[in-house]
Each structure stands twice: as structure tokens, then as C-alpha cells.
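Listed below, chain by chain, are the residues.
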Amino acid sequence: MKFLVALGAGESGVGTALLAKNKGFKVLVSDAGKIKKKYKDVLSHQEIEFEEGKHSKENILECDVLVKSPGIPETAQTIIDCKNHGIEVIGEIEFASRYFSGNIIGITGSNGKTTTTTLTQHLLQKGGFNPIMGGNIGESFAKQVITKNDGLAVLELSSFQLDDTIDFKPHVAVLLNITPDHLDRYDDKMENYISSKFRITKNQIETDYLIYNIDDQNITNYLKQFPTKAQLIPISIYKKLEKGAWLENNKIIIQINTETKMTIQKLALQGKHNIYNSMAAGVASRILDLRKEVIRESLADFESLEHRLESVVEVCGVNYINDSKATNINSTWYALESIDTPIVLIMGGVDKGNDYNEIAELVKDKVKGIICLGVDNTKIHEAFERHIKIIVDTQSMYEAVRYANKIAEKGDTVILSPACASFDLFENYEARGREFKTEVRGL
């Protein structure tokens, strides 16, 4: 009997353990921290062995395969020890894909992954495909493969998840954009991060497809140096193309086999970045022969995601927007770019190597006040003090929302778009976003 260790007892680790048990593995789930009760209950119910608060080296080094949580870096001692012992180290996506015989649409990019993944799933669902949706969103891919191992899967894939793949091969890969993010994990080298994103197409062959943003220099430059075997399908909002998707007279044109047209005013998701997301979802769906009418209808009736440019409420003529999922500079750039009114910006948290110069012009033109919400806001002050008269430090969402309320006037927009991870003051970006909405509704 083969022995598998799932390192990390979050959604992906527990999903891996369940699939491994289903496939006849001996399983141990090991977490250096405390395991959440809901996951403990699942493991206990399934009689899967687990340990918390430690990684017992003597047990782990006996395994045949180690499936690690994407949050655990390659430099972790347990990973190094396993590799030195010749143990295969992979991630949940790689493990689950070995038991999935259907087609996979894999979606990655620095920004827009979640939106494009849920939008693509929405289109395909309406087209009668009934796809699995997983990866960096919702229920783990591994857990879902236990009951559905064929058909179609739409997966949101982070660079960390792609780093832990070996033979993973999506039939349709989507590369939305590449901007600096998580550089602390990549030795502060942009080329390492770009290379990580391109692992999505590494194993693709001539019958597969890579949908890519031809307007993104990082993507086009890398493709010149490292061509893929997949069929290239570009999307653009600036260039007229022969195939793929582009913008013409405020209409999206999708040219895959036949032509599909749709005015951008009818898109459910507005803003320049969402044109790319809608194009990518539409092209992926056309590759799978989804009918043009279904694509148009689905792009128009999609409901936007929680925590991503989510309109919360209007208070005394001030619009409050929850963009807590903006955990990097580029996401905040998109948010600021999409708003036409004066802005009070709530930002800050755990800085992942941000270069605030990227949003300096937008801040200067549009932002009347910045509310810092983080333990250390030094970089934000240094970047914007010469542009903005009002910069306030706060340590709680209650405080941040009330300062924003004082500064904002009728016709303004208050937006939580942190450009940073949440882990200094909040459990995750969802908790941060929920707390923002609670405090805003309490005004």
C-alpha cells in the first residue's frame, strides 16, 4: 500500500487526503499549526490519521509521495528533507489531475483569476456542461474528483499551485496578465514569477489552446523566448486581430470558428480589466463550441463577486465599495481606474514588495484622502505624502470606516482596495471585506 502525506490541513490538504484514501493510499495529514475544527471533523469521520502543531519527520520520511499546501515554500525544511530522500513532492492540483480524465480549463494571471474562473463556469453551466470549479477557489479539486472524474473542470490556478505541478496539462490555458506579485516568494525576481505563471502551458500539445493577453508585454516577451506547442489565441482591447477576441467600436468581437459580437455596455462586469476577463471566458467557451447566444446572454447576466469591486451601500450620497480582494498594486490600479468620482481610499496590510509608483498618478488625480489600515504604513506615507494632504493611520476597520466617513462628501466614493495581504489584522481578505461591509452598514 502506497503511503501519502498531505502537508497542511486546509481545503487542499484535506481534499487530497480524502481522494488519496478513496484511491487506496495509506494517509497522514500533518499541519505545523492548529487544524480547524471543520477539517478535524472530516478527517476523524473518514478515519484519516492526522497530527497538528508539528511535522513528525520520522513518519513523513516514510511516505511515497508528499502533497504540500501551496502556501508552504520549497525552502521549508520538511520539503528539503523529503526531496533529499527521493520522495516525490507535488501539489493538490497535480495529484487530483492524475485521477481526472476530462478536459481542464486552467486560468491564471496576477489579477482577474477568480472573476474569469467563475464567469467561465457560469457560461459553461448555462451551456449545459455542468463543469467542476476548483483550484484556488471554493471546494478543492481533489475532493470533487472523488465523485466526478470526467467531463470538464474550470480551475483557478495561482503561481504557487503551478509551482507544484509536474505533468499537469490543461486543454485550454488562460493567461490574463502578469504584474509584480508575491515577489518575496520568487527571490524578488520578476523573471522567476513570470516563468512560474508559464508552467500552465508547459505540457500543452498541438491540440491544446493558450488564450493570452497580447497587450501584456511580460507575456508577449516571454512567448518570443519560450514558445509553446499549444495553439495561441490572443485577446486585446487595443489591436484588431485575425482570431481570438478584440475590441472594435465598443464591441467585443470573438472570432473562433464563427464571429460573436457584443457591445461592452451590455457586459455585467464593467471596467477595462473586466473586458479582458469577459473576452477570456467567451473565447474559452467558444473553443468548447458554446453557442454564441448563450455566451452573449451569460456575459450580460453574470452577478459580480463578493469582495471584488462590490458595491455595498450608499450613505448620504457617498458610495462604498468593497474591493478587499485587491491584494496587490495592480488590482488597486484597476479599481482606481474604474472610478470616475473623487475617492477616499482605504489601503494597507502586509506589503508583498509593492512599488507604489505604479498608482502614484492615479492617486494624485483621483484620491482626496488615504486611510491606512495596517500595522506598518511607512511605505504608503513615503509614497503619497507629497501628493495627498490627508493620510490617516488606523488599526481597526471600525476606525478606518469612520475616518473615511468624515472625509467623504456627497458624490464621493469610499473604496477598500488595500493593495496588500490582510494577515496583519485579519484572518484573510474575506474576513477583511466582511468587516468593512458590517462597519459601513453601521454608519
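Note that residues are indexed from 1 along each chain, following the sequence as it is written. Where local features are concerned, this predicted model is filtered to residues with pLDDT of at least 70; where side-chain atom pairs are given and counted, the filter is 80 or more; whole-chain, interface and lining totals use all residues. Computation of side-chain values covers all heavy atoms of the structure but excludes hydrogens and water.

Undergrad: How would you sum up the sheet that holds strand S20 (residues 413–416)? Please name residues and give values.
TA: Spatially, the six strands line up as an open sheet ordered S15-S16-S20-S17-S18-S19, and their pairing is mixed. The open sheet has two free edges, formed respectively by strand S15 (310–315) and strand S19 (390–394), since each of these has just one partner strand. Neighbour to neighbour, the strand axes of the sheet diverge by 20° on average, direction disregarded. By the bridge criterion, five bridges tie S15 to strand S16 (residues 318–322) in an arrangement that is antiparallel. Residue pairing in the sheet places valine 315 in a bridge with valine 318 of S16. Any two strands with at least two DSSP-identified bridges between them are counted as paired. The secondary structure listing takes helices from DSSP runs of H or I that are at least 4 residues long and strands from runs of E that are at least 2 residues long, numbered from the N terminus. Every axis corresponds to a line fitted to the C-alpha atoms, with the helix fit spanning only the stretch in contact, and the corresponding angles, defined between N-to-C directions, vary from 0 to 180 degrees.

Undergrad: Now, about helix H9 (residues 190–197): what can you tell me, with residues and values included?
TA: Looking at H9, one finds that the buried residues are Met190, Tyr193, Ile194, Ser196 and Lys197. Seen end-on, H9 carries its buried residues on one side only, within an arc spanning 160°. Any two residues whose heavy atoms approach within 4.5 Å are treated as being in contact. Of the surrounding elements, those touching the buried residues of H9 are strand S6 (103–108), helix H6 (113–126), helix H8 (159–163), strand S9 (172–175) and helix H10 (217–225). To sort residues, take the accessible area from a 1.4 Å probe on protein chains only and compare it with the maximum for the residue type: under 20% means buried, over 50% means exposed, and anything in between is partly exposed. Taking the helix axis as origin, the arc is that swept by the directions to the C-beta atoms.

Undergrad: Hey, could you go over the nonpolar core for me, with residue numbers and the actual values?
TA: Membership of the largest hydrophobic core comes to 52 residues, with the highest contact counts inside it found for Leu4 and Phe141. Among the elements that make up this core, the one with the highest residue count is helix H1 (residues 11–22) (five residues). Contacts of phenylalanine 141, omitting those with residues within four sequence positions, involve Glu92, Ile93, Ala96, Ser97, Phe100, Ile104, Ile132, Gly135, Ala153 and Leu155. If you look at the next biggest cluster of nonpolar residues, it comprises 37 residues, including Leu119, Ile233, Leu288 and Val294. We call a set of buried Ala, Val, Leu, Ile, Met, Phe, Trp, Tyr and Cys residues a nonpolar core when their side-chain atoms join them within 4.5 Å.

Undergrad: So what's going on with the pairing of strand S3 (residues 49–52)? Residues and values would help.
TA: Inspection of the sheet shows strand S2 (residues 26–31) paired to S3 by four bridges, in the parallel sense. Residue serine 30 lies in a different strand from S3, and its bridge partner there is glutamate 51. On the question of chirality, the crossover connecting S2 to the parallel S3 by way of helix H2 (residues 37–45) is right-handed. Assignment of crossover handedness uses the view with strands pointing away from the viewer, where a clockwise path from the first strand over the helix to the second indicates a right-handed crossover.

Undergrad: So what's going on with the pattern of salt bridges? Residues and values would help.
TA: A pairing counts as a salt bridge when a side-chain nitrogen of Lys or Arg comes within 4 Å of a carboxyl oxygen of Asp or Glu. Evaluated as defined, the whole model comprises 24 salt bridges. In this structure, lysine 437 engages glutamate 306 in a salt bridge whose closest nitrogen and oxygen atoms are separated by 2.7 Å. Placement of lysine 437 in helix H17 (residues 429–441) and of glutamate 306 in the loop between helix H12 (292–301) and S15 is noted, with a sequence separation of 131 residues between them. Three or more residues are tied together by salt bridges with common partners; here these are Glu88, Glu94 and Arg98.

Undergrad: Which residues make up the packing of aromatic side chains, and what values do they have?
TA: The geometry of two aromatic rings is summed up by the distance between their centres and the angle between their planes. Note on ring pairs: Phe, Tyr and Trp rings are taken, using the six-membered ring of Trp, and paired if centres are within 6.5 Å. Classes follow the plane angle, with under 30 degrees stacked, over 60 edge-to-face and the rest tilted. Across all of its chains, the model carries seven aromatic pairs by this definition. Judged by centre distance (5.5 Å) and plane angle (65°), the rings of phenylalanine 100 and phenylalanine 141 are edge-to-face. With phenylalanine 100 in the loop between helix H5 (92–97) and S6 and phenylalanine 141 in helix H7 (residues 141–147), the pair connects residues that are 41 residues apart, well separated along the chain. Phenylalanine 141 gets classed as buried once you look at its relative accessible area, which sits at 0%. When the ring of tyrosine 222 is compared with that of phenylalanine 226, the centres are 4.6 Å apart and the planes differ by 35°; the resulting orientation is tilted. Take phenylalanine 226: its relative accessible area is 46%, and that puts it in the partly exposed class. A connected cluster of aromatic rings, assembled from ring pairs, spans Phe25, Phe95 and Tyr99. Look at NZ for Lys and CZ for Arg. If either is within 6 Å of the ring centre and within 35 degrees of the ring normal, a charge sits over the ring. Over the ring of phenylalanine 3 we find lysine 26, and its NZ or CZ is 4.4 Å from the ring centre. Here the guanidinium or amino end of lysine 406 rests over the ring plane of tyrosine 403, the centre of that ring lying 5.1 Å away.

Undergrad: Outline helix H11 (residues 272–287), listing residues and values.
TA: With 16 residues, H11 extends 23 Å from end C-alpha to end C-alpha; this agrees with the ideal 22 Å at 1.5 Å per step. Among the residues trailing H11, aspartate 289 stands out with phi positive, at a value near 65°. In this scheme, a helix's expected span is set at 1.5 Å multiplied by one less than its residue total.

Undergrad: A description of the state of the cysteines should follow, citing residues and the corresponding values.
TA: Cysteine sulfur pairs qualify as disulfides if the two atoms are within 2.5 Å. Throughout the structure, instances matching the rule amount to zero disulfides. Residue cysteine 372 stays outside any disulfide, its sulfur separated by 9.4 Å from that of cysteine 420, the closest cysteine. Residue class for cysteine 420 comes out buried when judged on its relative accessible area of 1%.

Undergrad: Describe in detail the packing of H1 against H2, supporting the description with residues and values.
TA: Pairs of packed helices are described in terms of their axes, by the angle between the two and the distance that separates them. At a closest axis distance of 11 Å, the pairing of H1 and H2 adopts a crossing angle of 5°. Compared by their axis directions, H1 and H2 come out roughly parallel. Where H1 abuts H2, its residues Glu11, Val14, Ala17 and Leu18 lie against Tyr39, Val42 and Leu43. Each residue belonging to the contact of H1 with H2 can be placed in one class, and the counts come to six nonpolar, no polar and one charged. Here is the rule for angles: anything less than 35 degrees is roughly parallel, anything more than 145 is roughly antiparallel, 65 through 115 is roughly perpendicular, and the remaining ranges are oblique. Each residue gets one label: Ala, Val, Leu, Ile, Met, Phe, Trp, Tyr, Cys and Pro are nonpolar, Asp, Glu, Lys and Arg are charged, and the others, such as Gly, are polar.

Undergrad: Quick one: what's the story with the side chain of threonine 78, residue by residue and with numbers?
TA: Note on placement: threonine 78 falls in helix H4 (residues 77–84). For threonine 78, a relative accessible area of 17% translates into the label buried. Ignoring sequence-local partners within four residues, the contact set of threonine 78 consists of Leu7, His55 and Ile60.

Undergrad: Help me get a handle on the sheet that holds S3, residues and values and all.
TA: The strands making up a sheet associate through hydrogen bonds between their backbones, and the pairing can be parallel or antiparallel. Strand order in this open sheet of five strands is S3-S2-S1-S4-S5, and the pairing throughout is parallel. Where the open sheet ends on each side, the last strands, each with one partner, are S3 and strand S5 (88–91). Taken pair by pair, the neighbouring strands of this sheet meet at an average axis angle of 20°, ignoring direction. Direction of pairing for strand S4 (residues 65–68) relative to S5: parallel, over a ladder of four bridges. Among the inter-strand pairings, valine 67 is bridged to a residue of S5, identified as isoleucine 90.

Undergrad: Tell me what's going on with the side chain of threonine 220, and back it up with residues and numbers.
TA: Mapped onto the elements of the fold, threonine 220 is located in helix H10. Between N or O atoms, a polar contact is any pair within 3.5 Å; within protein, one atom must be a potential hydrogen donor and the other a potential acceptor, and residues adjacent in sequence are included only when both atoms are from side chains. Here glutamine 217 takes part through its backbone oxygen, which lies 3.3 Å from a polar atom of the side chain of threonine 220. Once you skip the residues sitting within four places of it in the chain, threonine 220 turns out to touch Tyr212, Asn213 and Ile214.

So yeah, pure geometry; function would need other evidence.
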